[in-house]
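Spelled out, the chains give:
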Amino acid sequence: MTFRHLLRLAGALLLASASGLALAAPPKAFTATYRVLRDGSPMGEATVSLKPLGNGQWEYSKHLRGTSGLAALLGANLDEVSRFRWKGDVPEALSYDYRLDAAIKSKQRHVAVDWGKHRVTVDEGKGAITYATQPGMVERNTTALAIGMALRDGQKQIALPVAVRQKVETQRFKVTGREKVTVPAGGFDAVRVDRTDADRGFSAWYAPDRYPLPVKLSQKDGGNLTMELVSFR
């Protein structure tokens, strides 16, 4: 085989590889419901949904309602709404709105991303904070979705640039094994993912061949909370 033939073969392989990547389509619109527990006791219900908005933009939202215990007593409700665009399989951030309402506390945050000016603006009502964007940047609400998409692509170690309050921080996650988990939606031979860059007590269990979201998620930062999948449609 001549050198010219080798070059042609290499070009054909690259085209085939690029075609395979192009076929990795984003997930379809969905609505998932979760049971939310605090310290092992029922606390509320969460609804997570994804839908296209047109013009290449998507909306990913999470709505949590307190239905039991102190959360119900305080009338606690949490709403998070993200808008993003797909960059490959990464939900690259465009905006994020967070709102917590309860009898004794109210909090809100608005994040706006201007990719033309490479600027992130974070406003919690006390004066805006700005900092530079990073390509492929997500935010706190879409992190679980971004991990699920990376697992679908076969990644075992995942580094995500995440827009937080004052900067973009790199959060690192790693597949640490497979475990059988049982949640209201059924039993799963799930892939376990743990956060490795900080001791935040974050663990999530995915069935990436079925869902882009975790079937179970546990997080100790901000409270010993667990989310368990009830339905996905």
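Residues numbered from 1 in each chain as written. Predicted model: local features only at pLDDT ≥ 70, side-chain atom pairs only at ≥ 80, totals over all residues. Heavy atoms only, no water.

Let us now look at the overall build of the chain. From N to C terminus, the chain includes three helices and 15 strands. A burial count over the chain gives 41% of its 233 residues as buried. Of the contacts made within the chain by residues no fewer than 6 positions apart, 39% connect residues no fewer than 24 positions apart. Per element, the accessible surface of the chain, about 12800 Å² overall, is 52% carbon and sulfur. (Helix = DSSP H or I, 4+ residues; strand = E, 2+ residues; numbered from the N terminus. Buried < 20%, exposed > 50% of the residue type's maximum accessible area, 1.4 Å probe, protein only. Contact = heavy atoms within 4.5 Å. Areas by Shrake-Rupley, 256 points an atom, 1.4 Å probe, with all protein chains shown as cover.)

Okay, the nonpolar core next. Formed by 41 residues in total, the largest nonpolar core has its most connected members in Tyr34, Tyr60, Met137, Phe188, Leu213 and Val215. Tallying contributions element by element places strand β5 (residues 90-101) first for this core, with five residues. Not counting residues up to four positions away in its chain, the partners in contact with Tyr60 are Phe30, Val48, Ser49, Leu50, Glu80, Val81, Ser82, Phe84, Asn141, Thr142, Leu145 and Leu213. (Core = buried A, V, L, I, M, F, W, Y, C linked by side-chain atoms within 4.5 Å.)

This part is about the pattern of salt bridges. Under the defined criterion, the tally for this structure stands at 17 salt bridges. We note a salt bridge from Glu59 to Arg83, for which the minimum N-O separation is 3.8 Å. Of the two residues, Glu59 sits in strand β3 (residues 57-66) while Arg83 sits in strand β4 (residues 77-87), which places them 24 residues apart along the sequence. Among the residues examined, Arg83 registers a relative accessible area of 37% and is labelled partly exposed. Here Arg109 ties to Glu124 by a salt bridge, and the two come within 2.6 Å at their closest N and O atoms. Of this pair, Arg109 sits in strand β6 (residues 106-114) while Glu124 sits in the loop between β7 (119-123) and β8 (129-132), and the two are 15 residues apart along the sequence. A single salt-bridge network, built from bridges that share partners, covers Lys51, Glu59 and Arg83. (Salt bridge = Lys/Arg side-chain N within 4 Å of Asp/Glu carboxyl O.)

Bringing helix α3 (residues 143-152) into the picture now. With respect to burial, α3 is a largely interior element, nine of its 10 residues being buried. Inspection of α3 places Thr143, Ala144, Leu145, Ala146, Ile147, Gly148, Met149, Ala150 and Leu151 among the buried residues, and these make up the whole buried set. In the segment just after α3, Gly154 is the residue with positive phi, at about 90 degrees.

This part is about the pairing of strand β13 (residues 202-206). Across the five residues that make up β13, a large majority, five, are buried. Burial along β13 is two-sided: the residues Phe202, Ala204 and Tyr206 and Ser203 and Trp205 are all buried. The pairing of strand β12 (residues 186-195) with β13 spans four bridges and is classified as antiparallel. The partner of Val193 across the bridge, within β13, is Ala204. Note: β13 against strand β14 (residues 214-219), five bridges, orientation antiparallel. (Pairing = 2+ DSSP bridges.)

What follows concerns the pairing of β3. Among the 10 residues that make up β3, seven are buried, leaving the element largely enclosed by the rest of the structure. Pairing between strand β2 (residues 41-54) and β3: 10 bridges, direction antiparallel. Looking across to β3, one finds that Thr47 is bridged to His63. Two strands pair when backbone bridges link them, and β3 and β4 are joined in this way by nine bridges, in the antiparallel orientation. Its bridge partner being in β4, Gln57 is matched across the sheet by Arg85.

Attention now goes to unusual backbone geometry. Positive phi outside glycine occurs at Asp39, with the angle close to 55 degrees. By the element assignment, Asp39 lies in the loop between β1 (30-38) and β2. Residue classification places Asp39 among the exposed residues on the basis of a relative accessible area of 55%. Positive phi is not limited to glycine here, since His118 has a value of about 55 degrees.

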